[in-house]
Amino acid sequence: MRLVLSLLLVSGLAIADDAAILRCRAVTDPVARLTCYDALVVAPAASMSRSDAATGKVVNPTTSGSSVSPVVQRSNQFGLEEKLANKNELDAIESQIAGSFEGWRAKSNITLANGQVWQIADDTSRSHYIDNPKVRVRRGALGAFYLEIQGTNHSPRVKRVQ
């Protein structure tokens, strides 16, 4: 009998979620649609009104009413999880190193075009001469981050310092 009641309760919750999913599915802008789906998981009723869910905008509490894309907000905070109260869920960011790049050595800082500064956190060093290389900082296991640099198959472990 308990199983039947549990199934009825779960099915009722699923039907309520279907309406919200259908609203998100109707959003045409891809970023707004993703934001709408994210809001369903994070805080379906507490942080959004129905009109906000339909437009895909999330109100940032720190900017008192201004709408900020969570994707942009997460990208700016990528790598600073230790310093922030809420954890980001991005798997990677992409940027480039402006100017001439000659490689890296342990504890050296690498400034990306987006303004982020990453420090080599392992003892590796490589010479790699390239102008304006594209880079990707990806999340690894146990909170580690790795810097993938265009033209090399070595990915040093890094930590964000700024």
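This structure is a prediction, so every number in the text was calculated from the model and none was measured. (Residues numbered from 1 in each chain as written. Predicted model: local features only at pLDDT ≥ 70, side-chain atom pairs only at ≥ 80, totals over all residues. Heavy atoms only, no water.)

What to know about the pattern of salt bridges
Oppositely charged side chains can form a pair if their charged atoms are brought close together. Evaluated as defined, the whole model comprises 2 salt bridges. Here Glu148 ties to Arg136 by a salt bridge, and the two come within 3.4 Å at their closest N and O atoms. Of this pair, Glu148 sits in strand E7 (residues 145-149) while Arg136 is found in strand E6 (residues 134-139), placing the two residues 12 residues apart along the sequence. For Glu148, a relative accessible area of 24% translates into the label partly exposed. In this structure Arg136 comes out as partly exposed when scored by relative accessible area, which is 31%. For Glu148, the salt bridge is made with Arg138, and the minimal N-O distance between the two is 2.5 Å. Here Arg138 lies in strand E6 and Glu148 lies in strand E7, a separation of 10 residues in the sequence. With a relative accessible area of 25%, Arg138 lands in the partly exposed category. (Salt bridge = Lys/Arg side-chain N within 4 Å of Asp/Glu carboxyl O. Helix = DSSP H or I, 4+ residues; strand = E, 2+ residues; numbered from the N terminus. Buried < 20%, exposed > 50% of the residue type's maximum accessible area, 1.4 Å probe, protein only.)

Notes on the side chain of Arg160
Among the secondary structure elements, Arg160 is positioned in strand E8 (residues 157-160). A distance of 2.8 Å separates a polar side-chain atom of Arg160 from the backbone oxygen of Gln162. Beyond its immediate sequence surroundings of up to four residues, Arg160 is in contact with Asn76, Gln77, Phe78, Gly79, Leu80, Gln116, Val117 and Trp118. (Polar contact = N/O pair within 3.5 Å; in protein donor to acceptor, adjacent residues only side chain to side chain. Contact = heavy atoms within 4.5 Å.)

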